[in-house]
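# Fold and geometry: a report
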Amino acid sequence: MPRDLSGYLREEVKTTPFCPGCGHGILMGAILRAIDALGLSMDEMLFVSGIGCAAWIPSPNFKADTLHTLHGRALAFATGAKLFNPKLKTLVVSGDGDLSSIGGNHLIHAARRDLDVAVICANNQIYGMTGGQVASTTPLGSLSATTPRGNPYRPFDLCRLVQAAGASYVARYAVVQPLLLQQAIQRALVTPGFGFVEALSPCPTQYGRRNRVGDVAELMKQLQGALVSREGAETLPETDRASRIVYGEFVP
Ligand code: SF4
């Protein structure tokens, strides 16, 4: 019998902000299951988000203190809150555009300082809520509102970026791996220092539609097919690696 998580949600919120087929609903469930499995009290937690679709995961849904901040500034606000009250279990939930594009400088410096916060970056490979613009995580050649002929730039590998900056815990899993994703979120929450989880979460509306994979099942199937474990990636020929997404724990 699955656990009833409704106690973690605000009763007054009756609708979802997410489009049908968005991966963020699965991510929201994984976050709540991680909190539930650890037995954390929502009264001792603070959720911080910036601007974008993923920022709506904690705010207004979670029955807890939430800071819904400026675009790209979730980590700046989380830093201030954590310094003011070090006892707060602080969890940042935001998108790739927010955390690694507009807020990229905050991300690398928070990781460099090994700030004691957990960060879930919902990576949908595009700016979703603001209209489908290219992000620093958009794959090479992908179509977006601002790259109608294909993205000419290489994307960030967020896990390697944060790892190089000095984070204590770094992992990447997709919403099609809900149990592994939940376990990674748990580890990020209990690891002292900067705990970073990149959660790959497909966006059928902005990314899928523009790249002609509007069908949600097909988008999830493509994501599942692209995933390869760290061990599996080592055995792949160099030419095959570029089209695959490596999942697993990168630190420790
Ligand atoms: S625009 Fe994309 S990321 Fe945003 S809610 Fe819709 S499907 Fe999800």
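Refer to the structure printed above.
Along each chain, numbering runs from 1 in the same order as the chain's sequence is written. In keeping with the model being predicted, local features are shown solely for residues with a pLDDT of at least 70 and side-chain atom pairs are shown and tallied solely at 80 or more, while totals for entire chains, interfaces and linings include all residues.

To continue, consider the overall build of the protein chain. A run of H or I in DSSP becomes a helix once it reaches four residues, and a run of E becomes a strand once it reaches two; helices and strands are each numbered from the N terminus. For the protein chain, the count of helices and strands is ten helices and eight strands. Based on C-alpha atoms, the radius of gyration is set beside the globule rule, defined as 2.2 Å times the residue count to the power 0.38. The C-alpha atoms of the protein chain give 17 Å as radius of gyration, which agrees with the globular expectation for 252 residues (18 Å, within 12%). Looking at the protein chain residue by residue over its 252 residues, the buried ones come to 44%. In the protein chain, the share of contacts with a sequence separation of at least 24, taken over all contacts with a separation of at least 6, comes to 65%. Counting other C-beta atoms within 10 Å of a residue's own tells you its class, since 20 or more makes it buried, 12 or fewer makes it exposed, and anything in between is partly exposed; those C-beta atoms are placed from the backbone. By the convention adopted here, residues are in contact when the distance between their C-beta atoms, placed from the backbone, does not exceed 7 Å.

Below, the discussion takes up the site of the ligand. Here is the check we use: build the C-beta atom from the backbone, and if it is within 6 Å of the molecule or strand, call the residue near. Taken together, Phe18, Cys19, Cys22, His24, Cys53, Asn124, Gly128, Met129, Cys203, Pro204, Thr205 and Gln206 make up all the residues around the ligand. Examining the composition of the shell around the ligand, we find that three residues originate from one element, helix α7 (residues 204–210), more than from any other. In this classification, the charged set is Asp, Glu, Lys and Arg, the nonpolar set is Ala, Val, Leu, Ile, Met, Phe, Trp, Tyr, Cys and Pro, and all remaining amino acids, among them Gly, are polar. Residues that form the shell around the ligand fall into these classes: seven nonpolar, five polar and no charged.

What follows is about the packing of helix α2 (residues 74–84) against helix α4 (residues 104–113). Lines fitted to the C-alpha atoms define the axes, with helices restricted to the stretch that makes contact. Angles between their N-to-C directions range from 0 to 180 degrees. For the pair α2 and α4, interaxial distance at closest approach is 8 Å and the crossing angle is 40°. Along the contact surface, α2 presents Leu75, Ala76 and Thr79, while α4 presents His106, Leu107 and Ala110. Across the contact of α2 with α4, the residue classes tally to four nonpolar, two polar and no charged.

What follows concerns helix α1 (residues 24–38). Every helix has an expected span of 1.5 Å times one less than the residues it contains. For α1, which comprises 15 residues, the first-to-last C-alpha distance of 21 Å matches the rise-based estimate of 21 Å (1.5 Å per residue) to within 8%. All of the buried residues along α1 are His24, Ile26, Leu27, Met28, Ala30, Ile31, Leu32, Arg33, Ala34 and Ile35. As for α1, its buried residues are in contact with β3 (89–95), β4 (118–123), α6 (178–190) and β6 (195–200). With its phi angle positive at about 70°, glycine 39 sits one or two positions after the end of α1.

Turning to the packing of α1 against α6, a few remarks are in order. Two elements in contact, α1 and α6, have axes whose closest approach is 8 Å; the angle formed by their N-to-C orientations is 50°. Compared by their axis directions, α1 and α6 come out oblique. For the element pair α1 and α6, the recorded crossing hand is right-handed. Contacts between α1 and α6 pair Ile26, Ala30, Ile31, Arg33, Ala34, Ala37 and Leu38 from the former with Pro178, Leu181, Gln182, Ile185, Gln186, Leu189 and Val190 from the latter. Across the contact of α1 with α6, the residue classes break down as eleven nonpolar, two polar and one charged. In these notes the angle categories are as follows: under 35 degrees is roughly parallel, over 145 is roughly antiparallel, 65 to 115 is roughly perpendicular, and the rest is oblique. In this scheme, a crossing is called left-handed if the near helix is turned counterclockwise away from the far one by less than a right angle; it is called right-handed if the turn is clockwise.

Moving on, we get to the nonpolar core. Nonpolar side chains in soluble globular proteins tend to end up buried together. Core analysis: the biggest nonpolar cluster contains 67 residues, and Leu27, Ile31, Val92, Ile120, Ile185, Phe196 and Ala199 have the highest contact counts within it. Looking at this core element by element, the count peaks at eight residues for α1. Filtering out sequence-adjacent residues up to four positions away, leucine 27 remains in contact with Ile57, Ala122, Val175, Ala199 and Ser201. In this usage, the nonpolar core is the set of buried Ala, Val, Leu, Ile, Met, Phe, Trp, Tyr and Cys residues whose C-beta atoms join them within 7 Å.

Our focus in this paragraph is the environment of phenylalanine 196. Positionally, phenylalanine 196 belongs in strand β6. For phenylalanine 196, a count of 31 C-beta atoms within 10 Å puts it in the buried group. C-alpha separation for the pair phenylalanine 196 and proline 237, spaced 41 residues apart in sequence, amounts to 28 Å. Apart from the residues within four sequence positions on either side, phenylalanine 196 is in contact with Ala111, Val119, Cys121, Val162, Ala167, Tyr169, Val170 and Ala188.

Pairing between strands requires that DSSP locate at least two bridges from one strand to the other. Strand order across the open sheet formed by eight strands is β2-β1-β3-β4-β6-β5-β8-β7, with mixed pairing between neighbours. With one partner strand each, in any of the chains shown, β2 (65–68) and β7 (227–229) form the two edges of the open sheet. The sheet shows a mean angle of 20° between the axes of neighbouring strands, taken without regard to direction. Looking at chain direction, strand β5 (residues 169–174) and strand β8 (residues 245–251) are connected through three bridges and run antiparallel.

Our next topic: the environment of glycine 214. Within the element layout of this structure, glycine 214 appears in the loop between α7 and α8 (216–226). With 14 C-beta atoms packed within 10 Å, glycine 214 lands in the partly exposed category. On a C-alpha basis, the gap between glycine 214 and proline 204 in space is 5.5 Å, while along the polypeptide they are ten residues apart. Setting aside chain neighbours within four positions, we find glycine 214 in contact with Pro204, Gly208 and Arg209.

In the segment running from serine 59 into proline 60, the intervening peptide bond is cis, with an omega of 20°. Locating proline 60 in the fold gives a position in the loop between β1 (45–49) and β2. For aspartate 114, which is not glycine, the phi dihedral falls at a positive 55°. Tracing the sequence through the fold places aspartate 114 in the loop between α4 and β4.

Everything listed is a geometric property; what it means functionally is a separate question.
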